[in-house]
Amino acid sequence: MVQRPPSAAVLVLHGGRETGTEPPPPGLLNLPGTRMRPFVRALGRAARTAGTGAGPASASASSAGPALGSSAGPAFATRAGSGVLVRQVRYGHRGWNGDRADPFHDAVAALDALREEEGDELPVVLLGHSMGARAALRAAGHPLVRGVVGLAPWCPPGDPVTQLADRDVVLVHSNRDRLTSPQASQSLTARARRAGARTCMITVRGGDHAMIRRAPAWHRVTTALVLGLLGSGSLPAPVGAALALPATAEATEGTLDLDLDLGAGAGPAGRPPTAVPPRR
């Protein structure tokens, strides 16, 4: 059977280090990359469940050739029955490395390669953790990008936000994170909203930076957010309301509590969702 082209795509950007010019280790030894594989699998399962008949209800993991934006080995990819391509990207270097911003350039190269493969109209959501979230936010100005979901993001106060204009940005952060700052994430949502982005922050009480504590809740809310921003699923109603806030809204107005506002995960036990059409 000829596989239909994807209707949307997710690029997954894992974490890393502040500095480190050596390449990441291969395969499962790359722990930040391995940490994101449950999210890739959860997205594939959810996309199959929400399939729109765009293809057979199946998903496959494959070696997608050289990793996009890197020469560090194969990428991990899955294409779900709804036509959503989920691709995990590996970096050429383990660290951000100051002004070099290596993962940002890897992300842009990955987006350029996807554009070459699938054309100019493919909507993409960038899903990043920690350093990968920083790279996703920085690369969000690419023409394919419709939105960013950042998990425990690294958001230095001097990072630019103008590239986020007309994008949907949802940051998910534990209140107990000791490696990256939830306060910095909240501040970025306000700065980005003033720059023309639609933003929201979700606080995971009792979580951790590695997303191991309360892992099922991290997976559920992330899946709902990514597919909702792509238009392949529904966004929880409070998230849709936060994204619609005016540019003058305070950071606290766009901040939600996972348990109090989203029913501990934005999945089946969450509040009734509201459909939000994909942004173009």
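Here goes a summary of the coordinates provided. Just so it is clear, the structure is predicted and the values come from calculations on it, not from any experiment.

About the cut-offs
Residues numbered from 1 in each chain as written. Predicted model: local features only at pLDDT ≥ 70, side-chain atom pairs only at ≥ 80, totals over all residues. Heavy atoms only, no water. Core = buried A, V, L, I, M, F, W, Y, C linked by side-chain atoms within 4.5 Å. Buried < 20%, exposed > 50% of the residue type's maximum accessible area, 1.4 Å probe, protein only. Helix = DSSP H or I, 4+ residues; strand = E, 2+ residues; numbered from the N terminus. Contact = heavy atoms within 4.5 Å. Expected span 1.5 Å × (residues − 1). Phe/Tyr/Trp six-rings, centres within 6.5 Å; stacked < 30°, edge-to-face > 60°. Lys NZ or Arg CZ within 6 Å of the ring centre and 35° of its normal. Salt bridge = Lys/Arg side-chain N within 4 Å of Asp/Glu carboxyl O. Axes fitted to C-alpha atoms, helices over the stretch in contact; angles between N-to-C directions. Parallel < 35°, antiparallel > 145°, perpendicular 65-115°, else oblique. Left-handed = near helix turned anticlockwise from the far one by under 90°.

Let us now look at the nonpolar core. Core analysis: the largest hydrophobic core is formed by 35 residues, its most contacted members being Val10, Leu127, Leu151, Ile202, Leu225 and Val239. Per-element accounting of this core gives the leading share, 8 residues, to helix 5 (residues 215–230). Excluding residues that lie within four positions of it along the chain, Leu151 makes contacts with Met36, Phe39, Leu127, Gly128, His129, Ser130, Ala133, Val172, Met211, Trp218 and Thr222. Listed in part, the 33 residues of the second largest apolar core include Val89, Leu111, Ala136 and Leu164.

A rise of 1.5 Å per residue sets the reference length of helix 1 (residues 31–49), with its 19 residues, at 27 Å; its end C-alpha atoms lie 29 Å apart and thus fit the reference within 8%. Taken together, the buried positions of helix 1 are Gly33, Met36, Phe39, Val40, Ala42, Leu43, Gly44 and Ala47.

Another point: the packing of aromatic side chains. For the coordinates displayed, the defined rule picks out 1 aromatic pair. The interplanar angle of 70 degrees and the centroid separation of 6.0 Å between the aromatic rings of Trp96 and Trp154 together place this pair among those described as edge-to-face. Within this pair, whereas Trp96 is found in the loop between strand 4 (84–89) and helix 2 (102–118), its partner Trp154 is found in the loop between strand 6 (145–151) and strand 7 (168–174), the two being separated by 58 residues in sequence. Across the ring face of Trp96, the terminal group of Arg134 is positioned such that the distance to the ring centre comes to 4.2 Å. Here the basic side chain of Arg134 rests over the ring of Trp154, its NZ or CZ set 4.3 Å away from the ring centre.

Going through the model one piece at a time under the given rule, you end up with 12 salt bridges. Arg87 serves as the salt-bridge partner of Glu117, at 3.4 Å between the closest nitrogen and oxygen. Here the residue Glu117 occupies a position in helix 2, and Arg87 occupies one in strand 4, the gap between them amounting to 30 residues. On the accessibility criterion, Glu117 (43% relative accessible area) is partly exposed. The partner of Asp168 in a salt bridge is Arg198, and the shortest N-O contact between them spans 2.7 Å. You can see Asp168 sitting in strand 7 and its partner Arg198 sitting in strand 8 (residues 198–204), a full 30 residues away along the chain. Exposure class is identical for Asp168 and Arg198. Each is buried. Here the residues in one salt-bridge network are Arg205, Arg214, Asp257 and Asp259, joined through shared partners.

Two numbers describe how helix 1 lies on helix 5: the axes approach to 9 Å, and their chain directions differ by 55 degrees. As far as their axial angle goes, helix 5 and helix 1 are oblique. Here helix 1 runs over helix 5; the crossing is right-handed. Every residue of helix 5 that contacts helix 1 at Pro38, Phe39, Ala42, Leu43, Ala46 and Ala47 is listed here: Trp218, His219, Thr222, Thr223, Val226 and Leu227.

Bringing the environment of Ala242 into the picture now. Along the chain, the position of Ala242 falls in helix 6 (residues 237–243). Judged by relative accessible area, which is 3%, Ala242 ranks as buried. In this structure the C-alpha to C-alpha distance between Ala242 and Glu253, which are 11 residues apart in sequence, comes to 7.4 Å. Setting aside residues no more than four positions away along its own chain, Ala242 makes contact with Thr199, Cys200 and Gly254.

Geometry only, nothing functional implied.
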